[in-house]
Amino acid sequence: MIEIPSDLHPALVPLAFLLGNWEGAGVSDFPGAEKCNFGQEATFTHDGRDFIEYVSHTWVLDGEGKKVRPLESESGYWRIDKDRKVEVVMSRDQGVVEVWYGELAEGKPQIDLATDAVARTAAAGPYSGGKRLYGYVNSDLMWVGEKATPEVELRPYMSAHLKKVVDPREWAKDLKDLPDDGIAFFR
């Protein structure tokens, strides 16, 4: 179920499905890089202004699903206009800053984005642009990213399936007058 916070800026209501803390796993595979499974934590938050703040951390997983080492981190800001056009400004730990444009699909919580501008530091690896597709499917957030470099044409390189993480304190704040022992509740 998609909840719309009462203090969410009205322009952001179409993006409310992104809000929250998400965790899951995915696959990374790109020529010249190690193919791996990865874990991901992503957070989409708001503070009442006309943007959603985004932070994501990924890490390589071993065969048993345990963290091995960091993979990528990125953060940014998402906006949407009255015509459902989405813009994202994002920076990555590899020394890349991107401007993404796209749109929210009609009648479904799906966003298709493509880079419009890419800036790289001298330490950044080769990268010339990308595409991303985000979708809210059966209460989960799924995404796939495509990447291009001067040597490799645009192709899928990462995808993940994330589930919303709910902090039990969020549930507890709505519970009133519970018995101290917790058992009396069931009598």
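Look up: the structure comes first, before these words.
The notes below deal with the structure included here. Just so it is clear, the model here is predicted, and its values are computed rather than measured.

**Here's the deal with empty space enclosed by the protein**
Summed over all chains, the structure comprises one cavity of 30 Å³ or more. What the largest cavity holds in volume is close to 50 Å³. What lines the largest cavity is Gln40, Tyr54, Ser56, Thr58, Glu72, Ser73, Glu74, Arg132, Trp143, Tyr157 and Met158. Put simply, the parts of the chain that give the lining of the largest cavity at least two residues each are strand E3 (52–61), strand E4 (67–80) and strand E10 (155–165). Classifying every residue of the lining of the largest cavity gives four nonpolar, four polar and three charged.

**With respect to the pairing of strand E7 (residues 110–120)**
Along any regular strand, the residues point their side chains to alternate faces of the sheet. Summarising the sheet, strand E6 (residues 96–104) and E7 pair through nine bridges and their orientation is antiparallel. Note on E7: the bridge partner recorded for Trp100 is Thr115. Between E6 and E7, which follow one another and run antiparallel, lie five residues, and Gly107 among them has a positive phi close to 80°. Relative to strand E8 (residues 129–137), E7 runs antiparallel, the two being bridged by five bridges. Within E8, the position partnered with Asp112 by the bridge is Leu133.

**Remarks on the layout of surface pockets**
Put simply, the second largest pocket is a space of about 430 Å³. In terms of lining, the second largest pocket is formed by 21 residues, of which the most central are Ala33, Glu72, Gln94, Lys147 and Tyr157. Listed by contribution, the elements that provide at least two residues to the lining of the second largest pocket are E4 and E10. Split by residue class, the lining of the second largest pocket holds eleven nonpolar, five polar and five charged.

**Re the sheet that holds E3**
Here we have ten strands rolled up into a closed barrel, ordered E1-E2-E3-E4-E5-E6-E7-E8-E9-E10, and antiparallel in their pairing. With direction set aside, neighbouring strand axes in the sheet form an average angle of 25°. By the bridge criterion, seven bridges tie E4 to strand E5 (residues 85–92) in an arrangement that is antiparallel. By the bridge assignment, Arg79 is partnered in E5 with Glu87.

Rules used throughout
- Residues numbered from 1 in each chain as written.
- Predicted model: local features only at pLDDT ≥ 70, side-chain atom pairs only at ≥ 80, totals over all residues.
- Heavy atoms only, no water.
- 1 Å grid on protein atoms, 1.4 Å probe; cavity = no way out; pocket = protein on both sides within 12 Å on 5 of 7 lines; lining within 4 Å.
- Points joined across faces, edges and corners; volume = space filled by probe spheres on them.
- Helix = DSSP H or I, 4+ residues; strand = E, 2+ residues; numbered from the N terminus.
- Nonpolar A, V, L, I, M, F, W, Y, C, P; charged D, E, K, R; others polar.
- Pairing = 2+ DSSP bridges.
- Axes fitted to C-alpha atoms, helices over the stretch in contact; angles between N-to-C directions.

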